[in-house]
Amino acid sequence: MSNFVWCHGPSCHKSHTQDRIRGVKGSKVLRTKKIKQVNTEHVNFYNYFCSQGCYNDFAHKYVREVIAIAPRTEALETPIDVVKEHARDWRGNDYMETKIIAVDNNGG
Ligand SMILES: [Zn+2]
């Protein structure tokens with residue numbers, strides 16, 4: 001028994017590719033692509049979309065619904081230290097390098 005889902009791209013069935021053509025002469029159609037479910041343990045968007053393009057089409061069409069799942073109402077912040085260090089480029093010239101170092105406030 002084959003385990004598959006249909007591509008969720010809203011325009012998948014409108015792409016002019018030979019692998020979407022179904023039916024007999026006189027009543028041919030372009031059909032949404034099937035996606036075989038092979039790795040259901042590590043699910044990602046390729047389990048539901050045949051291509052990056054179909055994924056983008058879906059994301060653009062349903063962006064409000066997707067954002068509503070986990071809305072960002074305030075900025076997130078990562079504690080850092082900014083350190084200036086002497087460094088040397090590939091020609092041997094000295095310059096000041098700015099390094100951003102993550103600070104773990106929870107670990108002390
Ligand atoms: Zn598709």
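Coordinates for the structure precede this section.
Residues numbered from 1 in each chain as written. Predicted model: local features only at pLDDT ≥ 70, side-chain atom pairs only at ≥ 80, totals over all residues. Heavy atoms only, no water.

Draft legend 1. Examining the coordination of the zinc ion more closely. Protein coordination of the zinc ion is provided by Cys7 (SG), Cys12 (SG), Cys50 (SG) and Cys54 (SG), with donor distances spanning 2.3 Å. Considering all four donor atoms around the zinc ion, the spread of angles at the metal, 106 to 116°, places the coordination shape in the tetrahedral class. Each donor residue of the zinc ion lies on one chain, and together they are spaced C-x4-C-x37-C-x3-C. The partly exposed category is assigned to Cys50, whose relative accessible area is 25%. Among the residues examined, Cys54 registers a relative accessible area of 3% and is labelled buried. (Donors = N, O, S within 2.8 Å, 3.2 Å for Na, K, Ca; no water. Tetrahedral: all angles 85-135°; square planar, octahedral: opposite > 155°, others 65-115°. Buried < 20%, exposed > 50% of the residue type's maximum accessible area, 1.4 Å probe, protein only.)

Draft legend 2. Region of the structure containing the environment of Cys54. On the secondary structure map, Cys54 appears in helix H1 (residues 52-61). Along the chain, Cys54 and Ser11 lie 43 residues apart, while their C-alpha atoms are 7.1 Å from each other. Not counting residues up to four positions away in its chain, the partners in contact with Cys54 are Cys7, Gly9, Pro10, Cys12, Arg20 and Phe49. (Helix = DSSP H or I, 4+ residues; strand = E, 2+ residues; numbered from the N terminus. Contact = heavy atoms within 4.5 Å.)

Draft legend 3. Representation of the pairing of strand E5 (residues 80-88). Judged from the nine bridges that link them, E5 and strand E6 (residues 94-102) form a sheet pairing that is antiparallel. The partner of Lys84 across the bridge, within E6, is Thr98. The turn linking E5 back onto E6 is made up of five residues, and Gly92 within it adopts a positive phi angle of 90°. (Pairing = 2+ DSSP bridges.)

Draft legend 4. How the structure looks around the packing of aromatic side chains. Throughout the structure, instances matching the rule amount to seven aromatic pairs. Positioned above the aromatic ring of Phe4, the side-chain terminus of Lys34 is 4.2 Å from the ring centre. (Phe/Tyr/Trp six-rings, centres within 6.5 Å; stacked < 30°, edge-to-face > 60°. Lys NZ or Arg CZ within 6 Å of the ring centre and 35° of its normal.)

Draft legend 5. Here's a closer look at the nonpolar core. With five residues, the main nonpolar core is built from Cys7, Cys12, Ile35, Phe49 and Cys54. Leave out the neighbours within four places in its chain, and Cys7 touches Cys12, Thr32, Lys33, Ile35, Tyr48, Phe49, Cys50 and Cys54. (Core = buried A, V, L, I, M, F, W, Y, C linked by side-chain atoms within 4.5 Å.)

Draft legend 6. Quick look at the side chain of Asn47. One can find Asn47 in the loop between strand E4 (34-36) and H1. Excluding residues within four positions of it along the chain, Asn47 makes contact with Val5, Ile35, Gln37, Asn39 and His42.

Draft legend 7. Focus on the pattern of salt bridges. As enumerated under the stated definition, the model contains three salt bridges in all. Here Lys33 and Asp19 are joined by a salt bridge, their closest N and O atoms 2.8 Å apart. Here Lys33, found in the loop between strand E3 (29-30) and E4, pairs with Asp19, found in the loop between strand E1 (4-6) and strand E2 (21-22); they are 14 residues apart in sequence, far enough to count as distant. Residue classification places Lys33 among the partly exposed positions, given a relative accessible area of 25%. In this structure Asp19 comes out as partly exposed when scored by relative accessible area, which is 40%. (Salt bridge = Lys/Arg side-chain N within 4 Å of Asp/Glu carboxyl O.)

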